[in-house]
Amino acid sequence: MIADFTYAGSPARIVFGGNAAERVAEWLDKLGLERALVLSTPHQEADARALAARLGARAAGVFAGAKMHTPVEVTEAAVAQVQALGADCVVALGGGSTTGLGKAIAYRTDLTQIVVPTTYAGSEATPILGQTEGGRKTTLRDPKVLPELVIYDPELSLGLPVGMTVTSGLNAIAHAAEGLYAQDRNPIASLMAAEGMRALHRALPALVRDPGEREGRSEALYGAWLCGSVLGSVGMALHHKLCHTLGGSFDLPHAETHAVMLPHTIGYNAEAVPELLAPVGEIFGGSPGAALHDFARGLGAPRSLAELGLAAGDLDKAAEIAVEAPYWNPRPIDRAAIRALLQDAWEGNRPQH
Ligand code: NAD
């Protein structure tokens, strides 16, 4: 029997294919937009400048100061540039950090956002914005934050280093896996979750063997879109909460933290809802947590929180923060069990479930 559910489709437009620069130009014209501010991190500034050059007079300028976790002072500098240049939209070229800056600008100005993703983080498919101010990270959900147009071009991810390809891909899988047991899960989100995981399960090993494999890049980006769409449409639970804590309070790197935590959080919840996590076991082969552990190890992903630089002495505090504010999870959040989970993740042990 199909359980009762509510489903709201995302109003965003998705364009998947090659020639991103031409497509951005084409869509700016279709949408009647004339002065785009192109955004990137300092690392991808050359790509942002090349895109702006291809856009010609449609580009008002480039802001290449995007940073991880969307610091408010960076957003304020970018908004000042939007105003100084009279920009009428933003084009974010990059991963979740650059997308986050575009979202933060849109939240304050309501400008149209076009995103050209180059990682598998999936932020472009969500109305969620995380921001940091004075060392604190807060998250909000607002329809204004959802990018209007996403242009996926697999060619742009060819240069994504193998390590980042793997951790970013596991970050995407985390959205899908948690979506399967979300309190507000629905059949469409669960279909997208399974299809997204299947695509990444096929693509990531191929990309570890050959990062320049175009078919793998294409399939991974397709999977990332599906997994990001799940993140955008249903609520997340223990896994995202723990990663948020570890990233926000201990400054651990985003994608790597997801990669390390995923087998442990999914293993923890698999004890309570094995039937909902069955697709993970089917796709990755085995008990959900253990199968994800084996998959991640096979890809050479970082294995432990210790490897990411978390001190053993921080585990108690992390467990405390993680259980502090009550939130929904399919298995009750028990402090001792979460502390044990964190210990296993710190040591890089293989989960049983
Ligand atoms: P990122 O955007 O920080 O990118 C990491 C580094 O890789 C950057 O220097 C970037 O310029 C570089 N890079 C990106 N694509 C590249 C490519 N193709 N080739 C070479 N270098 C490339 O990393 P991320 O994991 O994509 O994003 C992490 C951020 O996104 C975090 O702040 C996280 O909180 C946020 N996020 C938000 C959501 C949401 O829905 N709000 C979802 C996922 C992630």
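Parameters at a glance
- Residues numbered from 1 in each chain as written.
- Predicted model: local features only at pLDDT ≥ 70, side-chain atom pairs only at ≥ 80, totals over all residues.
- Heavy atoms only, no water.
- Helix = DSSP H or I, 4+ residues; strand = E, 2+ residues; numbered from the N terminus.
- Buried < 20%, exposed > 50% of the residue type's maximum accessible area, 1.4 Å probe, protein only.
- Polar contact = N/O pair within 3.5 Å; in protein donor to acceptor, adjacent residues only side chain to side chain.
- Pairing = 2+ DSSP bridges.
- Right-handed = clockwise from strand over helix to strand, strands pointing away.
- Near = heavy atom within 4 Å.
- Nonpolar A, V, L, I, M, F, W, Y, C, P; charged D, E, K, R; others polar.
- Phe/Tyr/Trp six-rings, centres within 6.5 Å; stacked < 30°, edge-to-face > 60°.
- Lys NZ or Arg CZ within 6 Å of the ring centre and 35° of its normal.
- Contact = heavy atoms within 4.5 Å.
- Axes fitted to C-alpha atoms, helices over the stretch in contact; angles between N-to-C directions.
- Parallel < 35°, antiparallel > 145°, perpendicular 65-115°, else oblique.
- Left-handed = near helix turned anticlockwise from the far one by under 90°.
- Patch = residues over 30% accessible without salt bridge, like charges linked within 9 Å, V, L, I, M, F, W, Y side chains within 5 Å.
- Areas by Shrake-Rupley, 256 points an atom, 1.4 Å probe, with all protein chains shown as cover.
- Salt bridge = Lys/Arg side-chain N within 4 Å of Asp/Glu carboxyl O.
- Core = buried A, V, L, I, M, F, W, Y, C linked by side-chain atoms within 4.5 Å.
- pLDDT = per-residue confidence, 0-100.

Visitor: Got a minute to help me understand the side chain of Thr165 in this structure?
Guide: Positionally, Thr165 belongs in helix α5 (residues 162-180). Residue Thr165 is classed as buried on the basis of its relative accessible area, which comes to 3%. Engagement of the side chain of Thr165 in a polar contact is seen with the backbone oxygen of Leu160, the distance being 3.1 Å.

Visitor: Explain the pairing of strand β3 (residues 59-63) here, please?
Guide: Both faces of the sheet carry side chains from a regular strand, because those side chains alternate between them. Counted residue by residue, β3 has 5 buried out of 5 residues, so it is predominantly covered. With 4 bridges connecting them, strand β2 (residues 36-39) and β3 associate as parallel partners. What sits directly across from Leu39, in β3, is Phe63. With respect to chirality, the unit in which β2 leads through helix α2 (residues 45-55) into the neighbouring parallel β3 is right-handed.

Visitor: I tried to follow the site of the ligand on my own but got confused; where do I start?
Guide: The environment of the ligand is made up of 23 residues, and the closest members are Thr41, Ser97, Thr118, Thr119 and Thr126. Note that an oxygen atom of the ligand is positioned 2.5 Å from one of the side-chain N or O atoms of Ser97. A distance of 2.6 Å separates an oxygen atom of the ligand from a polar side-chain atom of Thr126. With 3 residues, the top contributor of residues to the shell around the ligand is helix α4 (residues 96-109). Of the residues that constitute the shell around the ligand, the class distribution is 7 nonpolar, 14 polar and 2 charged.

Visitor: Would you mind showing me how to read the packing of aromatic side chains here?
Guide: Inspection of the entire model under this criterion finds 3 aromatic pairs. If you follow Lys144 out to its NZ or CZ, it ends over the ring of Tyr107, 5.4 Å from the centre. Over the ring of Tyr268 we find Arg331; its NZ or CZ atom is 3.7 Å from the centre of that ring.

Visitor: Explanation requested: the side chain of Gln113 in the structure shown.
Guide: Residue position: Gln113 is located in strand β5 (residues 112-117). If we ignore the near neighbours within four places in the chain, the residues touching Gln113 are Val90, Thr99, Gly102, Lys103, Ala106, Lys144, Val145, Leu146, Pro147, Glu148 and Leu149.

Visitor: How should I be thinking about the packing of helix α8 (residues 238-250) against helix α12 (residues 315-324) in this particular structure?
Guide: To describe two helices that pack against each other, one gives the angle between their axes and the distance between the axes. Close contact between α8 and α12 brings their axes to 9 Å; oriented N to C, the two are set at 125°. As far as their axial angle goes, α12 and α8 are oblique. For the pair α8 and α12, the crossing hand works out as right-handed. Along its contact with α8, which presents Lys241, Leu242, Thr245, Leu246, Ser249 and Phe250, the element α12 presents Lys317, Ala318, Ile321 and Ala322. Counted by class, the contact of α8 with α12 contains 6 nonpolar, 2 polar and 2 charged residues.

Visitor: Any chance you could explain a nonpolar patch on the surface here in plain terms?
Guide: A cluster of nonpolar side chains, contributed by Ile2, Phe5, Tyr7, Ile188 and Leu191, occupies part of the molecular surface with about 510 Å² of accessible area. By the secondary structure assignment, Ile2 is in the segment before β1 (13-16).

Visitor: Sorry, what's going on with the pairing of strand β4 (residues 89-94) here?
Guide: Counting buried positions along β4 gives 6 out of 6 residues, so the element sits mostly inside the fold. Where burial is concerned, the two faces of β4 agree: the one with Cys89, Val91 and Leu93 and the one with Val90, Ala92 and Gly94 are both buried. Both β2 and β4 contribute to a ladder of 4 bridges, which runs parallel. Looking across to β4, one finds that Leu37 is bridged to Val90.

Visitor: Sorry if this is basic, but what is going on with the nonpolar core here?
Guide: In a soluble, globular protein the nonpolar side chains are often hidden away together inside. If you look at the biggest cluster of nonpolar residues, it comprises 46 residues, and the most contacted ones within it are Tyr120, Leu170, Ile173, Met197, Leu277, Val280 and Phe284. Secondary-structure elements contributing two or more residues to this core are β8 (149-152), α5, α6 (187-209), α7 (214-233), α9 (254-270), α10 (278-284) and α11 (288-298). Considering every element that reaches this core, the biggest residue donor is α6, with 9 residues. When near neighbours in sequence (up to four residues on either side) are disregarded, Phe284 contacts Ile173, Met197, His201, Ala291, Leu292 and Phe295. If you look at the next biggest cluster of nonpolar residues, it comprises 24 residues, including Val15, Ala36, Leu51 and Leu55.

Visitor: When you look at the pattern of salt bridges in this model, what are you seeing that I'm missing?
Guide: Opposite charge on two side chains permits pairing when their charged atoms draw close. In this structure the tally under the stated criterion is 11 salt bridges. For Glu219, the salt bridge goes to Arg202, with nearest N and O atoms at 2.5 Å. Within this pair, whereas Glu219 is found in helix α7, its partner Arg202 is found in helix α6, the two being separated by 17 residues in sequence. Under the relative-accessibility criterion, Arg202 is labelled partly exposed at 45%.

Visitor: What is the right way to look at the confidence of the model for the protein chain in this model?
Guide: Low-confidence regions, as indicated by low pLDDT, have predicted coordinates that should not be scrutinised in detail. Mean pLDDT over the protein chain: 97, with 100% of residues reaching 70 or higher. The least confident element of the protein chain is strand β7 (residues 136-141), whose mean pLDDT is 89; the most confident is β2, at 99.

Visitor: Sorry if this is basic, but what is going on with the environment of Ala237 here?
Guide: With respect to the helices and strands, Ala237 occurs in the loop between α7 and α8. Owing to a relative accessible area of 3%, Ala237 belongs among the buried residues under this scheme. In this structure the C-alpha to C-alpha distance between Ala237 and His175, which are 62 residues apart in sequence, comes to 9.9 Å. Among all residues touching Ala237, those that are not within four sequence positions of it are Glu178, Tyr181, Tyr327, Trp328, Asn329 and Pro330.

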